[in-house]
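In case you want the letters, here they are:
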Amino acid sequence: MEKVIGIDLGTTNSCVAIVENGTPTVISNRGGYKTTPSMIAVTEAGKRLVGHIAKRQAITNAENTVSAAKRLIGRKWTSPQVKNTVATSSYRIVEGPHQDVRIALREKDYSVPEISAMVLQEMKVIAEDYLGQPVTKAVITVPAYFNDNQRQATKDAGEIAGLEVIRIINEPTAAALSYGFGRPVEKTVAVYDFGGGTFDISILEIAPNGVFKVIATAGDTFLGGEDVDARVVDWLVQGFKAEHDIDLRQDRMALQRLKDAAEKAKCELSGTVETEINLPFIISSGRSEALHLQRALSRATLEELTLDLVERTIDICRQTLEDARLAKDEIEEVLLVGGMTRMPKVQESVQGFFEREPSKGVHPDEVVALGAAIQASALVDEKHDMILLDVTPHALGIMTFGSYFEELIPQNTTVPTNRQKIFTTSRDNQTAVKILVMQGEHEKAEDTDVLGEFILTGLRRAAKGQVEIEVTFEINADGIVSVRAKDLETALEQSIQVTATSGLTRDEIKQMMDNAKDDLVDRRVSEEFEGFRQEAQKLSADIERLLPQVEQIVASSDFGRDAIDKARSMLAKTQQAVERKDAAALKEQLEALARTQRMFKGVVAKTH
Ligand code: AMP
């Protein structure tokens, strides 16, 4: 049976896992690492790099290296979060054709799902290499507080990467699945998930019969390690400006170096109380003297710079606990998920708030992917020994007269669900009503996200308030929302299935899928060639090293001269195939090269 993988598509790092013989396992990438940086780059030669190799060249190719694309996924060009990222990013972010966001790399603009698809494709390849078979299906995790547009954009990214996304699940829920998997636990747990870009808190009840029920969830999709790093960057930039009157932000390479150094210092300060940030030649171009940046950062200063960010997470925890109608002492276990939970101040604040020591039983970087793999396996094996009941992270409703948001399905409602409400016309002789489907927690419609719209026409003419329209919202197990509007007197009905939008059209997604497929084929071919080239060059070097000795032996014995001629022609052919980048010809040479190398070794060994 085809394996379905679980992918944690993180802001900073991504991780892929599967369930093998009943055991959830993280798959290491080729470098042996269990997580892969969610970074991509395009080199000057137009080559695409993903993961560690993209990260390694980020400083020298800052403008064409993308990190933290997840902060932009499913957002509109006009959103404040996009504006914030545009101002602080070392790569260029531009407006797309549908008010969406594009990232300009070299000569091309890429949509955000396309960038995320490159990371997903890498995770797919890691799994395929490990399993030795194609992988076409995945469960992908998203922050619990993602709205429907962000979820849809993540689904589109999966599709572009050649993956059928059989379910999108929430990251903290996945963590709880992994924690409770195969254990007879009966507990109310809080999952505090603080990652590179987002913060989530979910409170769940785990029952020993394999029922995982989310009671409440909340978060902030623009609050993570990136913001902590940005505070350190600000501190460094301001210090440098005060000393030299130079704004380091104007230099993309300097900015990327600052970001790197800030993250490194932050991580170091989880294990030590003071660290040195040392960036020689931070600005050199166009100046008579080179300037260096050197500053000591203490854990206390880092905590001071970022206190409000940590406090924001605690405020959200407080609110979520209230929403769940639970007291602190009813939380029996606190799970820490996400790399940022390694920061001592975060651990201390969580412990202080929940008044209990957080559990050390889960791996903060791997637990989400493991949970996704568990859900994937449960979906394909159709084993119903696990039931997952999640909630809607945001309220759903419609826009009413005066541009107000009228809620139909409250936040934290268990899905699947359906709710109805009766509305009346707001004008005399109104024959049509526009139903604007919205998602959010704000009273004014302009602050919420529009998910879709439709018009119910043919209403009977009557004074305002006389025509009654029943609006029904339904959310199925996959989180798909459908909305129906019915004129109660005439029974006239209109409905839509609300498909959130990533900002891409179907045609664009199809085109991006084809491009991604072509890129993968190109990459596979060039990797295959590289493998052959390395092997052929190793054998050729061996043969060249042995040749003078073999020639001496030939001169003094009856060993065939033609073997030496053949070897020389073989070496020349190999070199030509390398220059032509001809993988097939190179492969053909490999066996002959190996045979010759063995023969030469044997001859030399015999005569010594
Ligand atoms: P995640 O999204 O879960 O991969 O978390 C990534 C975030 O965790 C990044 O912002 C990292 O810089 C941060 N992180 C990783 N390790 C540490 C550490 N030891 N101390 C503080 N932050 C860390």
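In the block above lies the structure referred to throughout.
Source: prediction; values computed, not measured. (Residues numbered from 1 in each chain as written. Predicted model: local features only at pLDDT ≥ 70, side-chain atom pairs only at ≥ 80, totals over all residues. Heavy atoms only, no water.)

Asker: Honestly, the overall build of the protein chain in this entry has me stumped. Any pointers?
Answerer: The number of helices and strands found in the protein chain is 13 helices and 27 strands. If one aligns the C-alpha atoms of the protein chain with their principal axes, the spans along those axes are about 115 × 60 × 55 Å. Looking at the protein chain residue by residue over its 608 residues, the buried ones come to 52%. Expressed as a percentage of contacts within the protein chain between residues at least 6 apart in sequence, the contacts between residues at least 24 apart total 66%. A distance of 4 Å separates the average location of the 73 positive side-chain charges in the protein chain from that of its 93 negative side-chain charges. (Helix = DSSP H or I, 4+ residues; strand = E, 2+ residues; numbered from the N terminus. Buried < 20%, exposed > 50% of the residue type's maximum accessible area, 1.4 Å probe, protein only. Contact = heavy atoms within 4.5 Å. Lys, Arg positive; Asp, Glu negative; His and termini not counted. Charge placed at Lys NZ, Arg CZ, Asp CG, Glu CD.)

Asker: I'm lost on the sheet that holds strand 19 (residues 387-389) in this one. Help?
Answerer: Ordered in space as 18-13-14-15-19, the 5 strands form an open sheet in which the pairing is mixed. One side of each edge strand has no neighbouring strand; the edge strands of this open sheet are strand 18 (333-337) and strand 19. If you compare each strand with its neighbour and ignore which way they point, the axes differ by 25° on average. Where strand 13 (residues 187-194) meets strand 18, 5 bridges bridge the pair, whose relative direction is parallel. Across the sheet, the residue bridging to Asp193 is Val337, located in strand 18. Against the sheet, helix 5 (residues 171-180) touches strand 13, strand 14 (199-207), strand 15 (211-220), strand 18 and strand 19, its axis set at about 40° to strand 14. (Pairing = 2+ DSSP bridges. Axes fitted to C-alpha atoms, helices over the stretch in contact; angles between N-to-C directions.)

Asker: Could you clarify how one ought to interpret the site of the ligand in this entry?
Answerer: Of all residues adjacent to the ligand, which total 13 residues, the nearest are Gly196, Glu263, Lys266, Ser270 and Gly339. Glu263 places a polar side-chain atom, nitrogen or oxygen, 2.6 Å from an oxygen atom of the ligand. In the complex, the protein chains occlude 86% of the 500 Å² of accessible area that the ligand would expose alone. When residues in the shell around the ligand are grouped by element, the largest group, 3 residues, is from helix 7 (residues 252-268). Of the residues in the shell around the ligand, the class split is 2 nonpolar, 8 polar and 3 charged. (Near = heavy atom within 4 Å. Polar contact = N/O pair within 3.5 Å; in protein donor to acceptor, adjacent residues only side chain to side chain. Areas by Shrake-Rupley, 256 points an atom, 1.4 Å probe, with all protein chains shown as cover. Nonpolar A, V, L, I, M, F, W, Y, C, P; charged D, E, K, R; others polar.)

Asker: Help me understand the pattern of salt bridges, please; the structure alone is not making it clear to me.
Answerer: A side chain with one charge may pair with a side chain of the opposite charge, provided their charged atoms come close. Scanning all chains against the criterion turns up 31 salt bridges. Between Glu406 and Lys421 there is a salt bridge, and its shortest N-O distance comes to 2.9 Å. Of this pair, Glu406 sits in strand 21 (residues 404-409) while Lys421 sits in strand 22 (residues 417-424), and the two are 15 residues apart along the sequence. Residue class for Lys421 comes out partly exposed when judged on its relative accessible area of 31%. One continuous salt-bridge network, built from bridges that share partners, spans Arg30, Asp129 and Glu527. (Salt bridge = Lys/Arg side-chain N within 4 Å of Asp/Glu carboxyl O.)

These results come straight from atomic positions and should not be treated as a statement about function.
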